[in-house]
Amino acid sequence: MPKHASIPSMTETRFDPSSADGRWQRAWAQAGTFIADSDSEKPKSYILEMFPYPSGRIHMGHVRNYTMGDVLARYKKMRGYEVLHPMGWDAFGMPAENAAMEKKVHPGAWTRSNIEAMKEQLQRIGFALDWTREFATCDPEYYGHEQALFLDMYASGLVYRRQSEVNWDPVDMTVLANEQVIDGKGWRSGAEVEKRKLDQWFLKITDFADELLDGLGELKDWPDKVRLMQENWIGKSQGLEFSFDLSNGAKLPVYTTRPDTIFGSSFCAIAADHPIAQGLARDPAIAGFIEECKRGGTTAAELETAEKLGFDTGITAKHPFTGAAMPVFIANFVLMDYGTGAVMGVPGHDQRDFEFATKYALPIARVVAADPAQADAPMGGEAEVGDGVIVNSDFLDGKSVDEAKADVITRAETGGWGQGTTVWRLRDWGISRQRYWGTPIPFIHCPKCDIVPVPKDQLPVTLPDDVDFETPGNPLERHATWKHTTCPKCGGAAERETDTLDTFTNSSWYFLRFASQPDDAPFDPEEIAKWMPVQHYIGGIEHAILHLLYARFWTRALSHIGKFDVKEPFAALFTQGMVTHETYNFGDNNWLSPEEVNRTSDGATLKTTGEAVTVGRVVKMSKSKKNVVDPDNIIANYGADAVRWFMLSDSPPERDLPWSDSGIEGCYRFVQRLWRLFGQYDAAASGEDKTLARKAHQAIVAVAEDIEALSFNKAVARIYELTAAAEKAGPSESRNFAIRTVLHLIGPMMPHLAEEAFAVMGESSLIADAAWPQHDPALLVEDEVTIAIQHKGKLRDTITAPKGAAKEDLEALALASEKVQRSLDGAEIRKVIVVPDRLVNIVT
RNA sequence: GCGGGUGUGGCGGAAUGGUAGACGCCGGGGACUUAAAAUCCCCUGAUCCUAUAGAUCGUGUGGGUUCGAGUCCCACCACCCGCACCA
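The rules behind these values
- Residue numbers here run from 1 along each chain, matching the order of that chain's written sequence.
- Throughout, the order in which chains and ligands are written sets their labels, letters from A for the former and numbers from 1 for the latter.
- Confidence filtering applies because this is a predicted model: local features only for residues at pLDDT of at least 70, side-chain atom pairs given and counted only at 80 or more, and all residues used for totals across whole chains, interfaces and linings.
- To get the side-chain values, take all heavy atoms of the structure and skip hydrogens and water.
- A run of H or I in DSSP becomes a helix once it reaches four residues, and a run of E becomes a strand once it reaches two; helices and strands are each numbered from the N terminus.
- We define a salt bridge as a contact between a side-chain nitrogen of Lys or Arg and a carboxyl oxygen of Asp or Glu at a distance within 4 Å.
- Partly exposed describes any residue whose relative accessible area lies between the buried limit of under 20% and the exposed limit of over 50%, with all areas from a 1.4 Å probe on protein chains only and scaled to the type maximum.
- The criterion for strand pairing is that DSSP finds at least two bridges linking the strands in question.
- Here an axis means a line fitted to C-alpha atoms, over the contact stretch when the element is a helix, while the angle between two N-to-C directions is reported on a 0 to 180 degree scale.
- Residues count as neighbours in contact if any of their non-hydrogen atoms are within 4.5 Å of one another.
- Definition of nearness: a residue and a molecule or strand are near each other if at least one heavy atom of the residue lies within 4 Å of the molecule or strand.
- Polar contact is defined as a pair of N or O atoms within 3.5 Å, subject to the rule that within protein one atom must be able to donate a hydrogen and the other to accept it, and that residues adjacent in sequence are counted only when both atoms are side-chain atoms.
- Basically, the charged four are Asp, Glu, Lys and Arg, the nonpolar ten are Ala, Val, Leu, Ile, Met, Phe, Trp, Tyr, Cys and Pro, and anything else, Gly included, counts as polar.
- A residue's pLDDT is the predictor's confidence in that residue, given on a scale from 0 to 100.
- To sort the angles, those under 35 degrees are grouped as roughly parallel, those over 145 as roughly antiparallel, those from 65 to 115 as roughly perpendicular, and the leftovers as oblique.
- Rotating anticlockwise by less than a right angle from the far helix to the near helix defines a left-handed crossing, while the corresponding clockwise rotation defines a right-handed one.

A. View of unusual backbone geometry. Cis peptide bonds are those with omega within 30 degrees of zero, and the linkage from Leu459 to Pro460 qualifies with -5°. Position of Pro460 among the secondary structure elements: in the loop between strand E20 (450-453) and helix H13 (475-478). For the bond running from Met532 to Pro533, omega is -5°, close enough to zero to count as cis. Considering the arrangement of structural elements, one finds Pro533 in the loop between helix H16 (525-531) and strand E24 (536-540).

In structure tokens:
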């Protein structure tokens, strides 16, 4: 293609994001471009990114997350869908209370001002959001409906209250989540955490364990990783529950997944907090041992190295088949809250039992072997947990592991001493939090009537505003008047529940409220039916288990009690990677921010003194490592489109994206390069450029495929290629088509630039409302292809041949090549493999 | 310990079993300019070489299947993530 002299462009000026960004953001807002119309006849598409916690400022992780969703939303709109792409705020939670304590601001005021600031930031990036549906979970309208849903669940038996052990921080006077306990101490107060039994509210997620597990199978468009994590979390296991008769006359129920190894059992072990152990605690030695078990650390490293410890109770258990008397130990490795809190020890075929038996010199018998001849083979230095054939086990001898399992379960059931059982790792969801900044749990404690739900017409139970955080503990608990009320049943004096709901509750149904927000109900089932399930849900992998499991549970629970007919909330899930940045280190652990450092290709120096700075690993942007880049500064310098383009370029979206200054500069250069190209659109040009036209049509298809696969990095590469081809081409109608194609293809990615250029070309409509360009199928196929010719497995030459050329012709062309002949050097040709339109491989 | 993932130039990464390194960044050279910025053009995996040509090597390591392997199979190594004494 001859290089042509530069055409005087329509605009010699540069694209100026500082004026264009705002202009088009206002234009979209005024036109209501992104307001979802649920009455539309178009097919519906609900695109959702995990809503943010209003911590104060938008960070690069948000920008990446929302840019991906935005491209999908805008693309779907161009493809003729009615798109719902909402945004809101996960606004309850501890940081607001911490801010209240530290900065003496009300959590509500702090949260509201953060929301205002972050909303403005999001708007500056030009996201195609339907702001008419915005809400914050701390709005009484929102949490009031949540209270109503909670009461509905209560009425259906999905909510209950029981005593439960919690981590109690005696200084802050509050319950701590497990992840807030660091080395046995409260993360804020540093105080030794106590175990306390408190009355707590629970949601019966375990009722749905089977459904939640089976449902994973239908989630074909979820990452395998997330499905596996949930599967493991739910932790279904099948086995036998049966009881040993104890020498003291009591019965000891145990649970095992390996009933096939029952003849190898040589002891029983119970948890330190097992009722039998507790009953023996009058003995000071036993009480001491129980205390020792409780002190055991819970960190990974401690568990890894923790020695198996036991205390022989002196009680014996009678083996159900052999009648042998086996010692019963209290053991530190048995958990009270799994199974029955007691196990039968089979040292030969369980590693923990093996270690324990070794330490306490208990018999280690082989009951599974590779084949019956190996029945007397000595055990090695560890338990054999693999498959095999049962040996040394009376009537089980010769059976496979699976056959033996079934046999023992059948005998236990017919003999009436045991039962095949399913045990789950999943626990019921404790949702009580002794905190202020959450949804008040809508119950009243009446001295006469016990626990009474707040009548629905009295909802929402709102939070009082006049609270102080000067003293530790729950402000609702010590508020002068708030908790005092009357019993809805008997009218007598009563107290409100002062616990609030876990904030994960708020995010368990927000997607339903986005889809439909009537005043008098949490949602309208008809609207839910129109929009749900979410077609693309995008967010961080850190929510793989809790949030996503709870949201699935709420959807199923609400569906179960007849609210609507949706089983799974998120048809497809995408977990995006983090935004990372180099770290800079000066001296010992003096982290430096990128602004303090001069980075060149061969190192980094301190801006102030020029001293050398150590360039550290590329890790997730975090305040502690100071490797944070603020999106605001970047947008101010380069505009929204360059940042959006950066977020989509280079790294595949599921992987981490390393931020770099040179990268964003490259993106900005490309924005300007496109602007110049758009300026070269020449309405007067005529003539055909088939090569370029073909490239444009191919790009239309390829970019669409890439966006639908969320392979934004590949879509970006294709746009670069088409851009380069259009730049090099001389004026023609085809070139105009190519330029307009580029403009449409970048519409979802760089919307401000696209709108501006569209307008400069004289269009009065918005590119956001435009249709995705049509492609001509005839132009997708090349009429000439490049054929690779290999000899001895290596490329020797390439030839150009008409598409669809006959095998014989290709072979002849290949052999006619001078380079091929030189490589062949007269050798005898044994075989020629011809792959049509691809290659010819000559075997000698 | 269990489960999962990843490994390709200086960097981020492309590649239905069929031309490895598309595209971007970095780097080098040049044009334009009084100069700079901006922009444009060319080069850019390594080694050898008789150097516009050609050869060899090259996708974590070692094997295998195949006319042909980054891609499939087996074994191993490294790093990352999740869960964790779950009976």
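B. Summary view of the pattern of salt bridges. By the definition in use, this model includes 42 salt bridges. Measuring nitrogen to oxygen at the nearest pair gives 3.7 Å for the salt bridge that ties Lys104 to Glu470. In this pair, Lys104 is assigned in the loop between helix H3 (94-103) and helix H4 (107-124) and Glu470 in the loop between E20 and H13, connecting sequence segments 366 residues apart. When its relative accessible area of 57% is taken as the criterion, Glu470 is described as exposed.

C. Region of interest: the sheet that holds strand E32 (residues 784-791). Taking strand neighbours across the sheet as the criterion, the four strands line up as E33-E32-E35-E34 in an open arrangement whose pairing is mixed. The sheet terminates laterally at strand E33 (794-802) and strand E34 (831-835), the two strands that pair on one side only. Across the sheet, the mean angle separating the axes of adjacent strands is 20° when strand polarity is ignored. Two elements, E32 and E33, share eight bridges in a ladder whose sense is antiparallel. Residue pairing for E33: His791 is matched across the bridge by Lys794.

D. Region of interest: the sheet that holds E20. Spatial ordering of the open sheet is given by E20-E19-E22-E21, a layout of four strands whose pairing is antiparallel. The open sheet terminates on both sides in strands that have one partner only, identified here as E20 and strand E21 (484-486). The average undirected angle you get between the axes of adjacent strands in this sheet is 40°. Across four bridges, strand E19 (residues 443-446) lies against E20 in antiparallel orientation. Bridge assignment links Phe443 to a residue of E20, and that residue is Pro453.

E. Up close: the environment of Leu252. Along the chain, Leu252 turns up in strand E9 (residues 251-256). The sequence separation of Leu252 and Ile276 amounts to 24 residues, and the corresponding C-alpha distance is 8.6 Å. In this structure Leu252 touches Phe242, Ser243, Phe244, Leu246, Cys268, Ile270, His274, Ile276 and Ala342, once residues within four positions along its chain are discounted.

F. Seen up close, the protein's contact with RNA strand B. Near RNA strand B you find 54 residues, and of these Thr257, Phe333, Leu335, Arg352 and Asn841 are the closest. For RNA strand B, the fraction of atoms within 4 Å of the protein that belong to sugar or phosphate moieties is 61%. Arg14 is positioned such that a nitrogen or oxygen atom in its side chain is 3.5 Å from a sugar or linking oxygen of RNA strand B. Contact between RNA strand B and Leu335: a base nitrogen at 2.6 Å from a main-chain N or O atom of the residue. For the surface near RNA strand B, the residue count by class is 21 nonpolar, 13 polar and 20 charged.

G. The arrangement of helix H24 (residues 751-760) in detail. Among the 10 residues of H24, eight are classified as buried, and the element is accordingly described as predominantly covered. Where H24 is buried, its residues contact helix H1 (17-31), helix H2 (60-78), helix H19 (640-648), helix H20 (661-679) and helix H23 (733-745). Among the residues trailing H24, Gly762 stands out with phi positive, at a value near 100°.

H. Examining the confidence of the model for chain A more closely. For chain A, per-residue confidence averages 90 on the pLDDT scale, and residues scoring 70 or more make up 96% of the total. Across residues 1-11, where pLDDT falls below 50, the model places 23 contacts with residues more than four positions away in sequence or in other chains. Note on residues 298-304: pLDDT under 50 across the span, and four contacts to partners over four residues away in sequence or across chains. Two numbers describe this predicted complex: its pTM, 0.92, and its ipTM, 0.94.

I. Region of interest: the environment of Ile451. Of note, Ile451 is situated in strand E20. Ile451 sits 46 residues away from Glu497 along the chain, and the two C-alpha atoms are 9.2 Å apart. Once you skip the residues sitting within four places of it in the chain, Ile451 turns out to touch Tyr154, Arg161, Trp201, Phe443, Ile444 and His445.

J. Fine view of the packing of H19 against H20. Closest axis-to-axis distance for the H19/H20 pair is 8 Å, and the angle between their directions is 120°. Comparing the axis directions of H19 and H20 gives the class oblique. Between H19 and H20 the crossing geometry is right-handed. Along its contact with H19, which presents Asp641, Ala642, Val643, Trp645 and Phe646, the element H20 presents Gly663, Ile664, Cys667, Tyr668, Phe670 and Val671. Of the residues assigned to the contact of H19 with H20, the class counts are nine nonpolar, one polar and one charged.

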